[in-house]
Amino acid sequence: MASEITVDPGGPLRGELRVPGDKSISHRALICNALASGEAEIRGLLDSADCRSTMACLHQWGVEFEEHGDTVVVRSPGQDEFHPPADELDCGNSGTSIRLLSGVAAGLPFRSHFDGDESLRQRPMRRVLDPLASMGSAVDSRSTAPYWVDGSAGLTRGFDGEIAVASAQVKSCIIFAALRAGESSRIVEPGPSRDHTERILGAMGADIDIDGPTIRIHPGATLSAQDVEVPADISAAAYWMIAAAMTPGSELSLPGVGVNPRRSGVIDVLKSMGATVELQNLRDVSGEPVADIRVRGASLHGTRIDGDLIVTALDELPALAVAAAVADGVTEIHDAEELRVKESDRIATTTAMLTAMGISVEDWSDGMRIVGGRLRGASVDSHGDHRLAMSAAVAALASEPESGPTTIRRASAVDISYPTFWRDLDRLRHVPV
């Protein structure tokens, strides 16, 4: 991951751009349909390194895939017919893959070994391994990858209680295990994390009851394969929304974007900063709310981001910090300590990036304080983090023209979630004004 990209300061962004399929939904559409016996078609699947990691792991358990462009056909023998993997399940850089598939592994009558790249090996895994152990699964004693999960003894107990963090990955891991448990499970969320797993499994026939923050799963239901149309990823759209919102004269349309209320915090934050963001043609696609998003450039002002808003905008916070860097006044981010254990320590790496580009940033344990100013071109490092690389590109576009270009090291990190990002950037910058 040694590539470098140089991005010049840019003017207004205008036109229309369809961003790739939603990464979170893509993972879950693959995994949920792998659990059911039969065939399902997933349209609009994100073709990224992370989703390929999920597919490779499922293939080792016996699931077959047929690809036609951005459509993937899943053919599965069903979870009852999964077989032991020949090798370790390499999840690459994907925290979603390793945590969700650990929940599946807990319900399989054999041992599965999980591993990933250097970055994934730094991420905390007791948050999923401990709940699985409480349900009767045998799990490794280690706190990080590599580790193993062994469901040979069966999941004799359900899960009952509040999960440690408001995390869709942790919640989904427990849900997948709960489908195979010997008892019903009750999961209580401490915050409103994304609910794509519950939506897809519910449509497939799983016995799931949701009452506010409480989710009850009753095992034993037969899952039916379900075709899924994956909406455009709001996390991918967020970079262009933010770039357009912070540049007067911009007018950008992003069609077919998923606007699940547990994912759309970026829209709420931008509106609180004075941005003009409109949701048009609201509709339902495969059980998910979808809209065409239209953004116009405006002068932004500082805001405060904390509480439940953090959970619904967590992945977008580095890019929102870029918006704060050019906004009038001060922006404060609190309650975001979860950023410390992502692909990089995103509080530290975002602070370093903005500081290198001339912005005054105070780094807190659970967030940061950003004083709006003028971004200047600089040399910055993505630290191998896809969201930092894309946030740096947005910052480069908004930098002062006389300050020169910004060089982004390890720019190929975008392949993790948005392989066409640099091509889309070039395309938007060459739309006639």
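Being a predicted model, the structure only gives us computed values, none of them experimental.

About the cut-offs
Residues numbered from 1 in each chain as written. Predicted model: local features only at pLDDT ≥ 70, side-chain atom pairs only at ≥ 80, totals over all residues. Heavy atoms only, no water. Helix = DSSP H or I, 4+ residues; strand = E, 2+ residues; numbered from the N terminus. Rg over C-alpha atoms; globule rule 2.2 N^0.38 Å. Buried < 20%, exposed > 50% of the residue type's maximum accessible area, 1.4 Å probe, protein only. Contact = heavy atoms within 4.5 Å. Areas by Shrake-Rupley, 256 points an atom, 1.4 Å probe, with all protein chains shown as cover. Core = buried A, V, L, I, M, F, W, Y, C linked by side-chain atoms within 4.5 Å. Pairing = 2+ DSSP bridges. Axes fitted to C-alpha atoms, helices over the stretch in contact; angles between N-to-C directions.

Take the overall build of the protein next. Along its length, the protein carries 13 helices and 23 strands. Here the C-alpha atoms of the protein give a radius of gyration of 21 Å, agreeing with the 22 Å that 2.2 N^0.38 yields for 433 residues. Based on the C-alpha atoms only, the size of the protein along its principal axes is roughly 65 × 40 × 40 Å. Counting across all 433 residues of the protein, residues that qualify as buried make up 60%. Partitioning the intrachain contacts of the protein with sequence separation of at least 6 by distance along the chain shows that 75% fall at a separation of at least 24. Roughly 15,400 Å² of accessible area belongs to the protein as shown, and the carbon and sulfur atoms make up 45% of that amount.

On to the nonpolar core, then. Core analysis: the largest hydrophobic core is formed by 77 residues, its most contacted members being W240, M241, L254 and L354. Here the element with the most residues in this core is helix 7 (residues 234-245); it accounts for 11 residues. Formed by 63 residues, the second largest nonpolar core is a distinct cluster that contains A106, M135, A206 and V230.

The four strands lie next to each other as 4-5-3-14, forming an open sheet whose pairing is mixed. With partners counted over all chains shown, the strands left at the sheet margins are strand 4 (64-68) and strand 14 (228-229), one partner each. Lying on the sheet, helix 1 (residues 23-35) is in contact with strand 3 (37-43), strand 4, strand 5 (71-77) and strand 14; it crosses strand 5 at an angle near 30°. Against the sheet, helix 2 (residues 49-61) touches strand 4 and strand 5, its axis set at about 140° to strand 4.

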